[in-house]
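# Topology and contacts: notes
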Amino acid sequence: MPVIRVLSRVAKQALLAPGCGCQPVAVAVRNISFSPRQVTSGSDASFHSVSFSETDHPKVLITGGLGQLGVGLAQMLRKRFGKNNVILSDIRKPPSNVFHSGPFIYADILDYKNLREIVVNNRITWLVHYSALLSAVGEANVPLARAVNITGLHNILDIAAEHGLRLFVPSTIGAFGPTSPRNPTPDLCVQRPRTIYGVSKVHAELMGEYYHHRYGLDFRCLRYPGIISADSQPGGGTTDYAVQIFHDAIKTGKFECNLKPDTRLPMMYIDDCLRATLEVMEAPADLLSMRTYNINAMSFSPDELAQEVQKQLPDLQVDYNIDHVRQAIADSWPMNFDDSNARNDWGWKHDYDLPELCQTMLNFIGAESRMAQAN
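Values in this document were obtained by computation on a predicted structure and should not be read as measured data. (Residues numbered from 1 in each chain as written. Predicted model: local features only at pLDDT ≥ 70, side-chain atom pairs only at ≥ 80, totals over all residues. Heavy atoms only, no water.)

## Things to note about the overall build of the protein
What counts here: By the criteria applied, helices consist of DSSP H or I runs no shorter than four residues and strands consist of E runs no shorter than two, each listed in order from the N terminus. A 1.4 Å probe rolled over the protein chains alone gives each residue an accessible area, and that area as a share of the maximum for its type sets the label: buried under 20%, exposed over 50%, partly exposed in between. Using the Shrake-Rupley algorithm and a 1.4 Å probe, accessible areas are obtained, with residue cover drawn only from the displayed protein chains.
When helices and strands are counted, the protein shows 13 helices and 13 strands. Counting the 375 residues in the protein, one finds 51% classified as buried. Approximately 17,300 Å² of the protein is accessible, and the part contributed by carbon and sulfur atoms is 53%.

Rendered as structure tokens:
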């Protein structure tokens, strides 16, 4: 740590007192600080602070925590590491149950100084970066998606590298494009996505790997398939139909799908997704042959999902009203993920197949609906 403070002072003096006598260059958004962008090649991977001891519980910060995955991951991590060791953050006001379930703070990933203060003041050692605009929403507002998904990522990478954090950034089936092999899609292949969401996720994968090799950042990434969850509403993703069908089946008995009935995509129940995230974060570094892995559980089409739901609710009516933007996105994505590297390297194994998924979703949403009616 003394070495880091000395290096920090030297770097700041060099930046703030240039030999040419000119004024220091003003940096937009962030203050000049000791970060990977100011490290010369001679320092490379040796500059950042030592991470937490493996015998200690990590102190975790989750950005974008009010999205589909953040609240569930916080619950899982708090059970494992303790309530006060997991901080949920977002720019939105949390519902009462989330606010009272454990630490919650305001964190804007575009505010570098605020993020840095949070990491330092709370002695963060793990950072889970869930802040992102999803596929369909991103296409509707490309400038905002570019700011959140790319500029925000750069802030996260610099802070994580500077403070020696273990960083998890999720990627997606959307990181592939129409020229990628689709059935199955391997970990390493051509990636030419056609959405700003996909482009930003490929950028995240490559930047994370670069920071790992250049600065020693402990970067870990999973390419999530479509994630299905009963306790959160759809958030603007192309695979959201696979969540909406369960809500509509119970509440109205009618469902209108915005994808063609034979559109096959890889999917996963949220419990498997969260467990995979924890497992890859806890995996010893020497077991990881790569920094970005595919993970998968099942692959199905809207028609196959509807048929499985109708085994439980035979009166469900399904109609198709194709959203051409979402259909074009889905047609460029993998039909099935090859996740053999994750299974071989760190023992990934899913628990939920399609029948278990449907039964679990219908039980959960059905109980929730009956409770609402009783109240």
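More follows now that the structure is in view.
## Some details on empty space enclosed by the protein
The cut-off we apply is this: For each structure, a 1 Å grid was placed over the protein atoms alone; sets of points admitting a 1.4 Å probe that cannot get out are labelled cavities, open sets with protein on both sides within 12 Å along at least five of seven lines are labelled pockets, and lining residues have an atom within 4 Å of a point. Grid points are joined across faces, edges and corners, and a volume is the space filled by probe spheres set on the points.
Counting across every chain of the model gives one cavity of 30 Å³ or more. For the largest cavity, the calculated volume is near 60 Å³. Every residue lining the largest cavity is listed: His129, Ser131, Ala132, Val148, Asn149, Leu153, Val169, Ser200, Lys201 and Ala204. Mapped by element, the contributors of at least two residues to the lining of the largest cavity are α6 (142–162) and α7 (196–215).

## What to know about the pairing of strand β9 (residues 254–257)
The test is simple: One requirement defines pairing of two strands: DSSP has to find at least two bridges between them.
Only one face of β9 is covered, namely the one carrying Phe255 and Cys257; the face carrying Lys254 and Glu256 has none of its residues buried. Alignment of β9 against strand β13 (residues 317–320), held across four bridges, turns out to be parallel. If you follow phenylalanine 255 over to β13, its bridge partner there is valine 318.

## Focus on the nonpolar core
This is how the line gets drawn: Residues belong to a common nonpolar core when they are buried Ala, Val, Leu, Ile, Met, Phe, Trp, Tyr or Cys residues joined through side-chain atoms within 4.5 Å.
With 69 residues, the main nonpolar core has Ile62, Phe246, Phe300, Leu305 and Trp346 as its most contacted residues. Per-element accounting of this core gives the leading share, seven residues, to helix α9 (residues 270–282).

## Section: the pattern of salt bridges
Our working rule: What counts as a salt bridge is simple: a side-chain nitrogen of Lys or Arg found within 4 Å of a carboxyl oxygen of Asp or Glu.
Counting across every chain of the model gives 16 salt bridges. In this structure, aspartate 323 and arginine 326 form a salt bridge, with 3.6 Å as the shortest nitrogen-oxygen distance. Here the residues in one salt-bridge network are Arg166, Asp218, Arg220 and Arg291, joined through shared partners.

## Section: the confidence of the model for the protein
If pLDDT is low for a region, its predicted coordinates should not be looked at in detail. Selection criterion: What pLDDT conveys is the predictor's confidence in a given residue, as a value from 0 to 100. By definition, residues are in contact when any of their heavy atoms lie within 4.5 Å.
Overall, the prediction assigns the protein a mean pLDDT of 87, with 84% of residues at 70 or greater. Of the regions scoring below 50 in pLDDT, residues 1–8 engages in six contacts with residues more than four places distant in sequence or in other chains. Here residues 10–34 is modelled with pLDDT under 50, and outside its nearest four sequence neighbours on either side it reaches 25 contacts, counting other chains as well.

## Looking at the side chain of threonine 63
The topology assignment puts threonine 63 in strand β1 (residues 60–63). Dropping the residues within four chain positions of it, threonine 63 is found in contact with Ser89, Ile109, Leu127, Val128, His129, Tyr130, Ser131 and Ile156.

## Quick notes on α9
Given 3.6 residues per turn, any residue in an α-helix points the same way as the ones three and four places further on. Cut-off, in case you're wondering: A helix's residues, less one, multiplied by 1.5 Å, set its expected span.
With 13 residues, α9 should reach 18 Å at 1.5 Å per residue; the first-to-last C-alpha distance of 18 Å fits that figure. Among all positions in α9, only Ile270, Asp272, Cys273, Leu274, Ala276, Thr277, Leu278, Val280 and Met281 are buried.

## What to know about α6
Short version of the rule: Any N or O atom pair separated by 3.5 Å or less is treated as a polar contact, with the protein-specific requirement of one donor-capable and one acceptor-capable atom, and with residues adjacent in sequence counted only for side-chain atom pairs.
Spanning 21 residues, α6 covers 29 Å between terminal C-alpha atoms, matching the ideal 30 Å at 1.5 Å per step. Within α6, 15 of the 21 residues are buried, leaving the element largely enclosed by the surrounding structure. The opening residue of α6 is asparagine 141, an N-cap whose side-chain oxygen sits 3.2 Å from the backbone nitrogen of leucine 144.

## A few points about the packing of aromatic side chains
Any pair of aromatic rings gets described here by the distance separating the centres and the angle formed by the planes. Stated precisely, the cut-off is as follows: Pairing of aromatic rings covers Phe, Tyr and the six-membered ring of Trp, with a centre-to-centre limit of 6.5 Å; geometry is then stacked below 30 degrees between planes, edge-to-face above 60, and tilted otherwise.
Considering all chains together, one arrives at 10 aromatic pairs under this definition. When the centroid spacing of 6.5 Å and the interplanar angle of 85° are considered together, the rings of tyrosine 130 and phenylalanine 168 count as edge-to-face. Highlighted residues: tyrosine 130 in the loop between β4 (126–129) and α5 (135–140) and phenylalanine 168 in strand β5 (residues 166–168), separated in sequence by 38 residues. On the basis of relative accessible area, phenylalanine 168 is assigned to the buried category, the value being 0%. Here tyrosine 210 and tyrosine 215 contribute two aromatic rings whose centre-to-centre distance is 6.4 Å and whose plane-to-plane angle is 90°, an arrangement assigned as edge-to-face. Of the residues examined, tyrosine 215 reaches a relative accessible area of 5% and is grouped as buried.

## Details of the sheet that holds strand β8 (residues 226–228)
Which entries qualify depends on this criterion: Throughout, an axis means a line fitted to C-alpha atoms (over the contacting stretch in the case of helices), and angles, computed between N-to-C directions, take values from 0 to 180 degrees.
Reading across the sheet, the three strands line up as β8-β10-β12 and stay open at both edges, with mixed pairing between neighbours. Bordering the open sheet on either side are β8 and β12 (298–300), each of which pairs with just one other strand. On average, each strand axis in the sheet is tilted by 45° relative to the strand beside it, whichever way the strands run. Sheet topology places β8 next to strand β10 (residues 265–269); three bridges connect them, and they run parallel. Within β10, the residue paired with isoleucine 227 across the bridge is methionine 268. Strands in contact with helix α8 (residues 241–251) are β8, β10 and β12; relative to β8, the strand with the most contacts, it is inclined by about 25°.

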